[in-house]
Amino acid sequence: MSETPITSSVSKGCFVFKSTSKKRKRHVGIGGYLVESDDNGSDRFRICQKLWETVQINTEVIQDQLNKHVLDSLVGFIKKHDLGNSSDVWRQRSSEIPTAALMLGVNVPDHAMTFRSLCNLLQDSVTPFVVSVHAKECATVKLLIQKVLEQLMGKGVSVDEEQEDDTTLLQRTHCTISALCQWYKTATKKCTQVSLHRKENVPRSLPVVVIFKDFEAFNPQVLQDFILICSRYTQELPFIFIFGIATSPSAIQHRLPHSVSSLLCIEVFQSLSCTQHLASVFDKLILNSQFPFKLSSRVIQVLVGIFLYHDFSVQNFVKGLQFSMLEHFNSQPLSVLCCQKKEALLCAKTLSQQNVERIRHLPSFMRYVETQEPQEQVQLLTNDEHVKDACQKLLKNLHKYHKNYYPILQCLHSLTSVLPKFPLGKHIRELHVSCIEKNLWETEEYDSAMQLLRILAKDELVAALEKCAEILKFSNTKKMQNVLQQVEDFIGRLEGLEGVTSEDSSGDGVILEKNRRTDLFQLQKTLLEKESRRTKRMNPYELLRNQVIDFIDSLVREYLTPAELQPLSEVCYYSSSGVLRQRLNVTPRTSIQTALSHPFHYLQNESLKTNAGTISSAAPDLCIVYKLHLECGRLINLYDWLEAFVTVMSAAEDQDADSEEHGKVDSLKHARFIQAVSEMEFLGFVKSTKQKTDHVARLTWGGC
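Residues numbered from 1 in each chain as written. Predicted model: local features only at pLDDT ≥ 70, side-chain atom pairs only at ≥ 80, totals over all residues. Heavy atoms only, no water.

Q: Before we go on, may I ask you to explain the packing of helix α16 (residues 384-416) against helix α24 (residues 540-559) in this structure?
A: The relative placement of two packed helices comes down to the angle between their axes together with the axis-to-axis distance. The interhelical angle for the contact between α16 and α24, taken along N-to-C directions, is 145 degrees, at an axis separation of 10 Å. Taken as a pair, α16 and α24 cross one another with a handedness that is left-handed. Where α16 abuts α24, its residues Y401, N404, Y405, I408, L412 and L415 lie against I552, L555, V556 and Y559. Taken together, the residues of the contact of α16 with α24 break down into nine nonpolar, one polar and no charged. (Axes fitted to C-alpha atoms, helices over the stretch in contact; angles between N-to-C directions. Helix = DSSP H or I, 4+ residues; strand = E, 2+ residues; numbered from the N terminus. Left-handed = near helix turned anticlockwise from the far one by under 90°. Contact = heavy atoms within 4.5 Å. Nonpolar A, V, L, I, M, F, W, Y, C, P; charged D, E, K, R; others polar.)

Below, the structure written as structure tokens:
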């Protein structure tokens, strides 16, 4: 018989006894965390993880390609100012510190990847002595110098791992530039010995590159002092600065006086804009038939809206794409079919009965069933194997749709992006949104674009068709190859009209009128007659141009149909824009007021459920204080507020209303009230006022 645990104690307490019986924890698989998970939960997670790895790889490749030009320019700038290979002009100005002003734009979250690539490139090809510092880590000059020395002594002596130098263990008290000079001499000797041992070219000096990632955020006085100190050691330490600037080059003049900026030899480097970066991401990830996951028009508008109106960050845009992908594979069990064509067809053959029923309930599949013959409808609604066969056929059609959709979309964008006022949008993402949400040819913007295309000059039309031919060459479908042949045929026919158009554009009617005198009315009549004859009789170029535009119009109507009309489109397209907006584009004040007014919304505690206008005594102190302050006016009496708070606390302790202890303010309740009011002031709901010392002023009105 087991012994009974002893629970006697001098004071009251809560005693926890661990269970003696060992219960084996049930292991929940990866698929167990997915909503409505069945036997394909692990497959959905695997497909989602594989797609996300593809997104990460492509994003890094795009980033490297876009930054290649500016990074190579920075490397050339640093090599040019190497004291061992510098020109005579630079030797005359050796007292100045070479400085690169790197203009990165306001998309601050994307700067980290750029600086990481820059540091790796400099360490691999120029110098091992590269330091990158943040403003938040360098509040004083001493901290800035300490940070520089710590990074250098960790990286600079790592050329030869077999030998270690005691000078790398400098104490903080010796963190000075003179100590850095001594360490630099030792480190460069070791680098020279290693290079000679490997029979490599040895540079006469290795520059010390200091990267200020957020130049505008640094304390101006800290920057000035650091630059002045470094300028006195230019003969011993070949410093090179790189300023990461988000606004404009004038930020250097605004933060540094002329006496300090004159010590810098500044050269400006401009990176590509974030909108160009976003366009590249769209082309590689979203407007790509090889990437099976797709976004609906509203989801694209939410992500692009956050990008344009909040942070201009491509990294955050990619994170939004990641969240959309996770949400799609979590909430849609049929997302197991959102993969490459071969894998999707194999998954369609092995669909469970539950997933077959889900397919039958898809709106796009229901519309497809309605268009079939009665016998076919019966088979699709009753025979599961027939549904699997139809699903494979529809998946093939869906993949063909995407392979034909994107080349025609790019061709239409290349034709219309040069038109005045951009009737179909300046960027291809705008045209893509218009195409997948409605019939494009039924819009006024499309009619306007077609009218403008019908008045293009021959050289402009030929140049536009040549761009379309270049786009279609990368498509390997039979239909797109047939379209390419027709486009090339039109180009050849247009180029063959060079001698015909000049003869048809002669103005014989005007020459006849020049030889005789006439009045204004007669001249106007003659011009109107000539214009009417011209409209009735079109020259060969105008006829051929109309044929080309009619051909383009037929392609748009055939291949740029809305995505939601395609059967099984729900498998690939994520359309929950409301969920995405709620998660990514939240309003902090609304969220805070919801949490304080209705704590059950976040805490999910049944005791916190209350009716409208009531206060739960089980709610956190901050929630109680917040609800009480909603009943007050512009000025709140702290003592009245405290008494109301204590009354609610007494109800939580089940004290009798007639007892002496009910509503009595003790030190514990007083302290809890002071802490809650301080949190209210921190959140910006109240502030102290000089009008009345025992009152606080209310800063907000209303609540949730």
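Q: Just to check I follow, could you spell out the sheet that holds strand β2 (residues 130-133) for this structure?
A: The parallel open sheet is built from five strands, whose spatial order is β2-β3-β4-β1-β5. Each edge of the open sheet carries a strand with a single partner, namely β2 and β5 (264-270). Each strand axis lies, on average, 20 degrees off the axis of its neighbour in the sheet, ignoring direction. Summarising the sheet, β2 and strand β3 (residues 208-212) pair through four bridges and their orientation is parallel. Bridge pairing links V131 to V210 in β3. Contacts from helix α3 (residues 111-125) reach β1 (97-103), β2, β3 and β4 (239-245), with the element oriented near 180 degrees to β3. Its contacts with the sheet place helix α6 (residues 220-231) against β1, β3, β4 and β5, and it is angled at close to 160 degrees to β4. (Pairing = 2+ DSSP bridges.)

Q: Teacher, can you tell me more about α6 here?
A: What sets the pattern is the α-helix's 3.6 residues per turn: residues three or four places apart point alike. Under the 1.5 Å per step criterion, the end-to-end length of α6 is 16 Å for 12 residues, consistent within 8% with the ideal 16 Å. All of the buried residues in α6 are V222, L223, Q224, F226, I227, C230 and S231. Near the N-terminus of α6, the side chain that reaches the backbone nitrogen of Q221, with its oxygen 3.1 Å away, is that of N219. (Expected span 1.5 Å × (residues − 1). Buried < 20%, exposed > 50% of the residue type's maximum accessible area, 1.4 Å probe, protein only. Polar contact = N/O pair within 3.5 Å; in protein donor to acceptor, adjacent residues only side chain to side chain.)

Q: Sorry, what's going on with a nonpolar patch on the surface here?
A: Together, I592, F682 and L683 make up an exposed nonpolar region whose accessible area comes to about 300 Å². Position of I592 among the secondary structure elements: in helix α26 (residues 588-597). What makes I592 partly exposed here is its relative accessible area of 31%. (Patch = residues over 30% accessible without salt bridge, like charges linked within 9 Å, V, L, I, M, F, W, Y side chains within 5 Å. Areas by Shrake-Rupley, 256 points an atom, 1.4 Å probe, with all protein chains shown as cover. Salt bridge = Lys/Arg side-chain N within 4 Å of Asp/Glu carboxyl O.)

Q: Would you mind showing me how to read the pairing of β1 here?
A: Counting buried positions along β1 yields seven of seven residues, so the element is predominantly enclosed. In this sheet, β5 lies alongside β1 in parallel orientation, the contact comprising seven bridges. Note that in β5 the partner of A101 across the bridge is V268.

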